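# Structural overview for review
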Amino acid sequence: MASRQVVGTEPAYREPSHWCLTPDRRQLFICDASGNAIFIFDPITGAPLGRKRIADPYQLGYTPDNKYLMVNALRLDFVDVYDGATLRLVKRFKPGRWPSHLDFSPDSRWSFNSMQNSNTLVSFDLASMTQRWAVTVGETPAGVLWHRGKVLCCIMGGRGFVEVDPVSGQITRRVVTGDGAHNIFLDTKKQILYVSNRGPGKTGLTALDPVSFQILRQYEIPGGPDDIGIDPEGNIWICLRYAESVAILDPVSGHYSSIPVGRSPHGIFLNTMLRQPGRITAERI
Amino acid sequence: MGLDRLFSNIAGYMDQYLVLPVLFRLHWMAWDDLAFDWCLICVYGIFAVLVTYAVCLPLEAWRPVERWPDNKAVLVDVFYTFLNRVGVTPIVTFVLFYQVQTWSTGLLVEHGFIPPTLDSLVPGLFGHPLVTFLVYALILDCADYWRHRLSHSFRWWYALHALHHAQTQMSFWSDDRNHLLDDVISFFWFFTIGLLIGIPPLQFPLLLMAMKFIESLSHANIRASFGPLEWLFVSPRFHRFHHGLRAAGRHSCNYASVFPVWDIIFRTADFRDEYLPTGDARAPAALVSGSYLAQQATGLKLFWQALGKSWASLGIGRAAS
């Protein structure tokens, strides 16, 4: 029986945020942006394995072919591309203000990065290491997800997300989910899209049909919902940034309980995700 | 529920129901993350003032050094306190510090240097937050000792700092009674230190509050010392000696804010068991008992005059006159 208690705490320099798994799934990288470091953990046991100094890592991810590790340096306005094997800096882009979230095309050719304070979604060609396009998508874009041949990008200063054509950079659809739509995830098992809405006012999760984008259900959860994880029983674990806790939501009943975890929980990794075949990212859970 | 969590929850509600609607309406949602930090600063600030009030008020009533016919002169200090601890000042400071720290880090990173944090540099600090905090606190307090001592050494600087010393009814509210320009200088002073050692602004809020509490308590109108621990923390007696009439101006003592060790090391400590009347005999009335604006204007005027004298003593401007 799971205790749902904090079983251990590991120190970081400043404020840990997002995570990614190394291609061999043996290391979990956790960003500490203002500490200018990546903390490395064993993804199964949570044991610390070391740390690496990297400039302002806020959000990061390996390209699907594992060739590159891309890091969004939100404070410093850099998008850094590191060699996936050596972690040597290969290219630095300065595409706008506050690079926030990112995702890739499945063929690893293109990346899509939201610029939180430039109101743009930017795409890079990783073969030529050039910027392909930048499109104004709305105020304060955040979460990015490659989804069925399109790119979805949450608009935190708006009420939902936009669907963008990855080739032309044109907005093809706007979907309303709630005020302050922050991040977007795909439940790969049940094929449900989830959007975390930060408010103002009512905050929580919106569940959507992945094809029609029709809203299936709204879950009201206060406390600044951010990243989510899904356990094998189907419960949704939600980081509540401003409530110092992680909520565990039963998506069937809509009830949730919460575990106090400490200041500003941001990203969440459940080691049960390692059972999942294929590529594991924070957005595909 | 721990204090830390309680404060975060209050700040969370404040953010969600008061600040976020404003940010959303003004199209400033990019500042969402930092808005929560602003709320935390306000919540901690309010709590700090309440705790200080709850502890110091009964102590001042119980063992006052002086009894005053009325507390009118204290009221303006109350205004300074709220402005500095809860109001605009900490938020502006926080935003400015964030912006400059970001800019300078970006500059260093572009030149191939990733600035380390203090706890990544000094062996034994990482993973020991209390020790890390103590090191940060000692560095900052030492920096503050020298800022304070220098503010008594330069004529133009003391002209600003005189506002702090002019109060003849010194109480726990007097800690934040400073000229705005003096605050700006302090801000840049700590800014530089902060950038050098990489201060995490909100990593230790409760401990920072404890330090601010000691500073407030040291100004309180209380006949009290810390006995055998007098050398460890600045007591009301120790700091009152610094505010004593005869200690105003250039030849003062007991400059430390929290840890008297700096006065001991740099030979400016005076542990005499005396409770002196406070104030600065040369301070004009507007500086002593004027309104907030009158104090600020007078301070600025004195600063300008002192600056002229300093320049004249250096020979600057003589040819023109």
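This text goes with the structure placed above it.
Let us look at the structure shown here. (Residues numbered from 1 in each chain as written. Chains lettered and ligands numbered in written order. Predicted model: local features only at pLDDT ≥ 70, side-chain atom pairs only at ≥ 80, totals over all residues. Heavy atoms only, no water.)

## Brief notes about the packing of aromatic side chains
Under the definition given, this model contains 32 aromatic pairs over all chains. Ring centres of A:Phe39 and B:Phe126 lie 5.7 Å apart, and the angle between their planes is 25°; this geometry places the pair in the stacked category. Of the two residues, A:Phe39 sits in strand 3 (residues 37-41) while B:Phe126 sits in the loop between helix 5 (118-121) and helix 6 (129-153), which places them in two different chains. The burial state of A:Phe39 is the same as that of B:Phe126; both residues are buried. Aromatic ring contacts, followed pair by pair, group B:Phe154, B:Trp156, B:Trp157, B:Trp189 and B:Phe303 into a single cluster. (Phe/Tyr/Trp six-rings, centres within 6.5 Å; stacked < 30°, edge-to-face > 60°. Helix = DSSP H or I, 4+ residues; strand = E, 2+ residues; numbered from the N terminus. Buried < 20%, exposed > 50% of the residue type's maximum accessible area, 1.4 Å probe, protein only.)

## Observations regarding helix 1 (residues 3-25) of chain B
All names here are of chain B. With 23 residues, helix 1 ought to run about 33 Å at 1.5 Å a step, and its terminal C-alpha atoms sit 32 Å apart, in line with that. Where helix 1 bends most, the angle comes to about 45°, and this point is Val19, followed within four residues by the proline Pro21. For helix 1, the set of buried residues is Arg5, Phe7, Ser8, Asn9, Ala11, Gly12, Asp15, Gln16, Val19, Leu20, Leu23 and Phe24. Directly after helix 1, the chain includes His27, whose backbone phi takes a positive value near 65°. (Expected span 1.5 Å × (residues − 1). Bend = angle between axes of the 7 residues up to and from the residue.)

## Looking at the sheet that holds strand 14 (residues 150-155) of chain A
Residues and elements named next belong to chain A. The sheet built from four strands is open, its strands ordered 13-14-15-16 with antiparallel pairing. Looking at which strands have only one partner, the edges of the open sheet turn out to be strand 13 (141-147) and strand 16 (171-176). Within this sheet the neighbouring strands show an average axis-to-axis angle of 20°, counted without direction. Of the pairings in the sheet, the one linking strand 15 (residues 160-164) to strand 16 comprises five bridges and is antiparallel in character. Across the sheet, the residue bridging to Gly160 is Val176, located in strand 16. (Pairing = 2+ DSSP bridges. Axes fitted to C-alpha atoms, helices over the stretch in contact; angles between N-to-C directions.)

## Observations concerning the environment of B:Val43
All names here are of chain B. Note on placement: Val43 falls in helix 2 (residues 32-62). For Val43, a relative accessible area of 7% corresponds to the buried category. Between the C-alpha atoms of Val43 and Arg5, which are 38 residues apart in sequence, the distance is 12 Å. Apart from residues lying up to four places away in sequence, Val43 is in contact with Phe7, Ile10, Ala11 and Met14. (Contact = heavy atoms within 4.5 Å.)

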